[in-house]
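Descriptive analysis of the structure
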Amino acid sequence: MTTLRVGVGSGNPVKRRAVELALGAAADDDLPSDPTGVAIESVPVDSGVSEQPTGHAETISGAENRAAAVLDAGPRGGAGAPDDGATYDLGVGVEGGVAGFDGSDDRYLIMWAAVTDGDRVGRAAGPSLALPADVAARIDDGEELGPVMDDLLDTDGVATRGGAAGALTNSRVDRAEALAAGVSGALGPFVSGLY
């Protein structure tokens, strides 16, 4: 009996929830090592990119760095976790950024996910949402999307709740579900025989 141990490279509860949703949608018999269960833990790590990733390359790099850093974090342990010397079977990184697309003058909120077992890396994107012109201008001036959205919404911590995706769509796009789409795609090499 084995448990698939998955580390999420972030302390953000929305990112952990995205991984829970993605792995909950997977059939147990298509997961690596045919586990009897899945244990998902948050592992706050550095993304190795700027606080506000700009462009697809930087955002992908942030997701990959987070996924790899989870595996490099070493044995599990800490408050409430068994210190059994086991490492994670999969590291997951999720990174949000802002980027443009060829054929459009708009700036977009983008989401990338990476999953690694230390040998293979799966990558995939979640949905992309156009930013309002005033928000894009503030990002171009060096501000971060989360604080900009907090300012516009007169709130605090939007990134750990519905996120910009929820605000920009009047909650029609749930941030955790949007990120889960990226994580599900990044799991492809680990759950499909086509890779």
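My aim in this report is to walk through the structure given alongside it, one point at a time. Note that this is a predicted model, so its numbers are computed, not measured.

1. Details of helix α4 (residues 145-153)
Three or more residues of α4 are buried, namely Leu145, Val148, Met149 and Asp150. For α4, the secondary structure elements touched by its buried residues are β4 (107-116), α3 (133-140) and α5 (163-168). Positive backbone phi, approximately 55°, marks aspartate 154, located one or two places after α4.

2. Quick look at the packing of aromatic side chains
One pass over the full model with this rule turns up 1 aromatic pair. Taken together, a centroid distance of 5.1 Å and an interplanar angle of 85° make the contact between phenylalanine 101 and tyrosine 108 edge-to-face.

3. Brief notes about the pattern of salt bridges
Evaluated as defined, the whole model comprises 8 salt bridges. Measuring nitrogen to oxygen at the nearest pair gives 3.0 Å for the salt bridge that ties arginine 16 to glutamate 20. Separated by 4 residues within a single helix, arginine 16 and glutamate 20 lie in helix α1 (residues 13-25), roughly one turn from each other. Since its relative accessible area comes to 28%, arginine 16 is described here as partly exposed. Take glutamate 20: its relative accessible area is 27%, and that puts it in the partly exposed class. Between arginine 107 and aspartate 140 there is a salt bridge; the shortest N-O distance is 3.0 Å.

Criteria and cut-off values
Residues numbered from 1 in each chain as written. Predicted model: local features only at pLDDT ≥ 70, side-chain atom pairs only at ≥ 80, totals over all residues. Heavy atoms only, no water. Buried < 20%, exposed > 50% of the residue type's maximum accessible area, 1.4 Å probe, protein only. Helix = DSSP H or I, 4+ residues; strand = E, 2+ residues; numbered from the N terminus. Contact = heavy atoms within 4.5 Å. Phe/Tyr/Trp six-rings, centres within 6.5 Å; stacked < 30°, edge-to-face > 60°. Salt bridge = Lys/Arg side-chain N within 4 Å of Asp/Glu carboxyl O.

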